[in-house]
Amino acid sequence: MALIFLDTASLDEIREAVSWGILDGVTTNPTLMMRAGTADLKANTLKIVDMVPGPVSAEVISTDAAGMIAEAREILSWAENVYVKIPTTVEGLKAMKEISSWPNGRINATLIFSPLQAYLVAKAGASFASVFVGRMDDAGLDGMAVVRQTRAIFDNYGFTCKVLAASIRHPLHVVDALLAGADIITMPFGVLQRMIRSPFTDAGLDSFLRDWAKIAGQPGT
Ligand code: G3P
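What you see is a predicted model, and the numbers here were worked out from it, not measured in a lab. Each chain carries its own residue numbering, running from 1 in the written order of its sequence. Only residues with pLDDT of at least 70 get local features here, since the model is predicted, and only at 80 or more are side-chain atom pairs given and counted; chain-wide, interface and lining totals rely on the full set of residues. The side-chain values count all of the structure's non-hydrogen atoms but skip hydrogen atoms and water molecules.

(A) Focus on the sheet that holds strand β7 (residues 162-166). Taken together, eight strands build a closed barrel; the order of strands is β1-β2-β3-β4-β5-β6-β7-β8 and the barrel is parallel. Across the sheet, the mean angle from the axis of one strand to that of its neighbour is 30°, orientation sign disregarded. If DSSP finds at least two bridges between two strands, the strands pair. Only DSSP runs of H or I with at least four residues qualify as helices, and only runs of E with at least two residues qualify as strands; both kinds are numbered from the N terminus onward. Where strand β1 (residues 3-7) meets strand β2 (residues 25-27), three bridges bridge the pair, whose relative direction is parallel. Across the sheet, F5 pairs through a bridge with G25, a residue of β2. Here helix α4 (residues 65-76) sits on the sheet in contact with β3 (56-59) and β4 (82-87), set at roughly 165° to β4. Between the N-to-C directions of two axes lies an angle of 0 to 180 degrees, each axis being a line fitted to C-alpha atoms and, for a helix, fitted only over the stretch in contact. Contacts are assigned to residue pairs that have any heavy atoms within 4.5 Å of one another.

(B) Inspection of the site of the ligand at higher detail. Near is defined per residue: the residue qualifies when any heavy atom it owns lies within 4 Å of the molecule or strand. Around the ligand, the surrounding shell consists of D7, N29, K85, F132, R135, A166, S167 and R169. N29 places a side-chain nitrogen or oxygen 3.3 Å from an oxygen atom of the ligand. In the analysis that follows, any N or O atom pair within 3.5 Å is treated as a polar contact, provided that within protein one partner can donate a hydrogen and the other can accept it, and provided that, for residues neighboring in sequence, both atoms belong to side chains. Between the ligand and the protein, one listed contact pairs an oxygen atom with a side-chain N or O atom of S167 at 2.7 Å. Computed with a 1.4 Å probe, the accessible areas rest on the Shrake-Rupley method; for each residue, only the protein chains presented here act as cover. Burial of the ligand by the protein chains amounts to 86% of its free accessible area of 310 Å². Grid spacing is 1 Å over the protein atoms alone, the probe is 1.4 Å, and a cavity is where that probe fits but cannot get out, while a pocket is an open set with protein on both sides within 12 Å along at least five of seven lines and lining residues have an atom within 4 Å of a point. A molecule is said to be in a cavity or pocket once over half of its atoms fall within 2 Å of that pocket's grid points. Most atoms of the ligand, that is more than half of them, are within 2 Å of grid points of the largest pocket. Polar here means any residue other than Ala, Val, Leu, Ile, Met, Phe, Trp, Tyr, Cys and Pro, which are nonpolar, and Asp, Glu, Lys and Arg, which are charged; Gly is therefore polar. A class-by-class count of the residues in the shell around the ligand yields two nonpolar, two polar and four charged.

(C) Here's a closer look at the layout of surface pockets. Grid points are joined across faces, edges and corners, and a volume is the space filled by probe spheres set on the points. Roughly 290 Å³ of volume is contained in the largest pocket. D7, N29, L32, R35 and R135 are, among the 21 residues lining the largest pocket, the residues nearest its centre. Of all the secondary structure elements, the ones that give two or more residues to the lining of the largest pocket are α2 (30-36), β6 (128-132) and β7. Residue contributions to the lining of the largest pocket peak at three residues, all from α2. Here the residues of the lining of the largest pocket are counted per class, giving seven nonpolar, eight polar and six charged.

In structure tokens form, the structure reads like this:
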């Protein structure tokens, strides 16, 4: 089964998605924190952790390995289901190698744009490899191809690192990520809403109820 994560720092969106009973986790990043209007990463992450039993990702701000490692130590101490998001750079790779040796070294390697980056983060011990599908599509590249290639490479070599399809822009991305064998798909709340809503379902239901009203309660029926 592929896991569904919400890509948001908005507590209202998370609360609503949790109530649907199908949410497996949450990913945040500094941009999403800005959109949610809070710079208190710890407080916001802990509020999300209170609502979501599955993985909750919080991203470091440092760009050097030592700084990322120090931030990761702090972030990972907040709760057992918190994952630290580390950017896929040379410094990030060094940090991942160190953090993954810790008993609680749960890493979401972020900003992946090629299967080679995905291979390296898996080697460095990341738990999740976040492939940014939509941003590649925006640049005229085939983002989903990177998800497919990453899936094949991880399977070839038995990596346990999960393929996480990120930067999801619309429901068709979700369909393609499911067909590509992504382990996790993180998406904005709007995409999750569009996964379940259909005007055909609404019209079909209206028509059933209208027809039922014509017959129900009629004498002899
Ligand atoms: O959480 C990372 C990723 O999903 C960002 O998506 O829409 O900013 O490219 P986007």
